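Below, each chain spelled out in residue letters.
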There are 2 protein chains.
Amino acid sequence: MSKTHTPETAAQDVETILKLLEGRWKLIILFHLFGGKVQRFSHLERLIPGISQKMLAQQLRQLEGDGIVLRTLYPEVPPKVEYRLTDWGQALCPVLDALLQWAEQRG
Amino acid sequence: MSKTHTPETAAQDVETILKLLEGRWKLIILFHLFGGKVQRFSHLERLIPGISQKMLAQQLRQLEGDGIVLRTLYPEVPPKVEYRLTDWGQALCPVLDALLQWAEQRG
DNA sequence: CAGTATCCCAGACGATACTG
DNA sequence: CAGTATCGTCTGGGATACTG
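The rules behind the values
Residues numbered from 1 in each chain as written. Chains lettered and ligands numbered in written order. Predicted model: local features only at pLDDT ≥ 70, side-chain atom pairs only at ≥ 80, totals over all residues. Heavy atoms only, no water. Least-squares fit on C-alpha atoms with pLDDT ≥ 70 in both. Contact = heavy atoms within 4.5 Å. Helix = DSSP H or I, 4+ residues; strand = E, 2+ residues; numbered from the N terminus. Buried < 20%, exposed > 50% of the residue type's maximum accessible area, 1.4 Å probe, protein only. Expected span 1.5 Å × (residues − 1). Arc of directions from axis to C-beta. Salt bridge = Lys/Arg side-chain N within 4 Å of Asp/Glu carboxyl O. Buried area = accessible area lost by both parts, 1.4 Å probe. Polar contact = N/O pair within 3.5 Å; in protein donor to acceptor, adjacent residues only side chain to side chain. Nonpolar A, V, L, I, M, F, W, Y, C, P; charged D, E, K, R; others polar. Pairing = 2+ DSSP bridges. Phe/Tyr/Trp six-rings, centres within 6.5 Å; stacked < 30°, edge-to-face > 60°. Lys NZ or Arg CZ within 6 Å of the ring centre and 35° of its normal.

A. Summary view of the relation of the copies chain A and chain B. The transform that puts chain A on chain B rotates by 180° and translates by 0.0 Å along the axis, for an RMSD of 0.0 Å. Given the turn and translation reported, the copies of this chain are related as if by a two-fold rotation axis. Of the interface residues in chain A, 100% have counterparts in chain B that sit at the interface too, so the contact is made through matching surfaces.

B. Highlighting the environment of glutamine 105 of chain A. If you trace the backbone, glutamine 105 of chain A turns up in helix 6 (residues 92-105). Judged by its relative accessible area of 52%, glutamine 105 of chain A is exposed. The contacts of glutamine 105 of chain A, once residues within four sequence positions are left out, are Trp88 and Ala91 of chain B.

C. Geometry of helix 4 (residues 53-65) of chain B. Residues and elements named next belong to chain B. With 13 residues, helix 4 should cover 18 Å at 1.5 Å per step; its first-to-last C-alpha distance of 18 Å lies within 8% of that length. Those residues of helix 4 that sit buried are Leu56, Gln59, Leu60 and Leu63. Seen along its axis, helix 4 keeps its buried residues to an arc of 100°; they face one direction. Exposed residues on helix 4 whose side chains face more than 90 degrees from its buried face are Lys54 and Gly65. As for helix 4, its buried residues are in contact with helix 1 (7-21), helix 2 (26-31), helix 3 (41-47), strand 2 (69-74) and strand 3 (80-85). Directly beyond the C-terminal end of helix 4, a positive phi value near 80° is found at glycine 67.

D. Representation of the pattern of salt bridges within the structure. Residue and element names in this part refer to chain B. A complete count under the given rule lists eight salt bridges over all chains for this structure. The partner of arginine 61 in a salt bridge is glutamate 64, and the shortest N-O contact between them spans 4.0 Å. Remark: glutamate 64 and arginine 61 occur in helix 4; sequence separation between them is three residues, near one turn of the helix. Taking the relative accessible area as the measure of exposure, glutamate 64 reaches 29% and is therefore partly exposed. For glutamate 82, the salt bridge goes to lysine 80, with nearest N and O atoms at 3.9 Å.

E. Geometry of the interface of chain A and chain B. Taken together, the contacts link 43 residues of chain A with 43 residues of chain B. Each partner contributes to the roughly 4,000 Å² buried at the junction of chain A and chain B, and carbon and sulfur atoms together form 75% of this total. For the pair chain A and chain B, the interface holds zero salt bridges. In this assembly, chain A and chain B are joined by six residue pairs in polar contact (both at pLDDT 80 or more). Among the elements of the structure, helix 1 (7-21), helix 2 (26-31) and helix 6 of chain A are those that each provide at least two residues to the side of chain A that touches chain B. Of the residues forming the side of chain A that touches chain B, the biggest block, 13 residues, is contributed by helix 6 of chain A. The residue makeup of the side of chain A that touches chain B, split by class, is 25 nonpolar, seven polar and eleven charged.

F. Seen up close, the pairing of strand 3 of chain B. Residues and elements named next belong to chain B. As judged from the two bridges shared by strand 1 (residues 39-40) and strand 3, these two strands associate in the antiparallel manner. Along strand 3, the bridge assignment pairs arginine 40 with glutamate 82. Here six bridges tie strand 2 to strand 3, and the two strands are oriented antiparallel to one another. Looking at the pairing, threonine 72 lines up with glutamate 82 of strand 3.

G. Examining unusual backbone geometry more closely. A cis geometry characterises the amide bond from valine 77 of chain A onward to proline 78 of chain A, with omega recorded as 0°. Within the secondary structure, proline 78 of chain A sits in the loop between strand 2 (69-74) and strand 3 (80-85).

H. Fine view of the packing of aromatic side chains. Considering all chains together, one arrives at four aromatic pairs over all chains under this definition. Between tryptophan 88 of chain A and tryptophan 102 of chain B, the aromatic rings sit 4.1 Å apart at their centres with planes inclined by 0°, giving stacked as the arrangement. Placement of the pair is tryptophan 88 of chain A in helix 5 (residues 87-90) and tryptophan 102 of chain B in helix 6 (residues 92-105), with the two residues belonging to separate chains. Accessibility expressed as a relative area gives 8% for tryptophan 88 of chain A, which makes it buried. On the accessibility criterion, tryptophan 102 of chain B (1% relative accessible area) is buried. Sitting above the plane of the tryptophan 25 of chain A ring, arginine 24 of chain A keeps its charged end 4.4 Å from the centroid. One residue, lysine 80 of chain B, lies across the ring of tyrosine 74 of chain B, its end atom 5.0 Å from the ring centre.

Below is the structure:
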C-alpha cells in the first residue's frame, strides 16, 4: 500500500470504500449507468428485474449521497428524474475492471 | 469493462469478487498478512482487538476456502497453525491500492 | 493453542400498500 | 412517474461457554 501505513488504517480505508458499493443492488445499478448512460427511475426499474421501488430508491439515494450518482429532477407533471454517474463514479469503472482481472488470475 | 458484456454479468462478477472480501474482519486480517507475513492464530487474535475466536476462525476459514489464505497445521501438542496469503491473495494488494487511489480522486 | 457450540440481536432486505 | 410508509423475515455478527 502506497500512502497508508498501518494495517489498521489501510484496512479501514478500503472498508470505507467497499461500503460505498455494498448493497444488494448497487453494482447492477452502477453497471447500467457506466459509459455515461442516463436513466430514468422507471427505466432502471424495468432494467433490473426483481428490484422493488423501495430498494431502487434507497440504493440510488445512497449512491447519490456518496457522490457516485447524480440525480436530476425536472419540475414537470408528471415528475421526471434522471440518473447518471458523476465523474468520480465513472472513474470507478477501470477500478472494478482491475478487480475482474484479479479474479481471472486465480490459479 | 473489457471482457464482460452485459451490465448483468459484469455486475454479478464484481459482486462475487466483493463477497470474497465481505465480512467484518477480512480486510484487517488480509492487511496483517500482506507482504508475505506469516501469523499464528493467537497472534492474529492479539493483533486484532475486539475480534472473537469464533469470528477469527470463521473469517479465516472463508478466506482459506476462497483460496486467498493458506493454512498450515503443524501436528504438535499444543497445536500450532500458521496463516499466510496465497500468491493470488498477495496479488490482491495492488488492486486494493487502485481502490484507494480512486477514493483519493474524489473531488 | 486453536478452535466449536449456543444463543441472541440489529439491521439489511423483501412484500405490500399508499401518495404528491 | 417517482417515490414513502409499514411490517415481517432472515442472516451476519457479538457474547459466552466449552473442548481436543
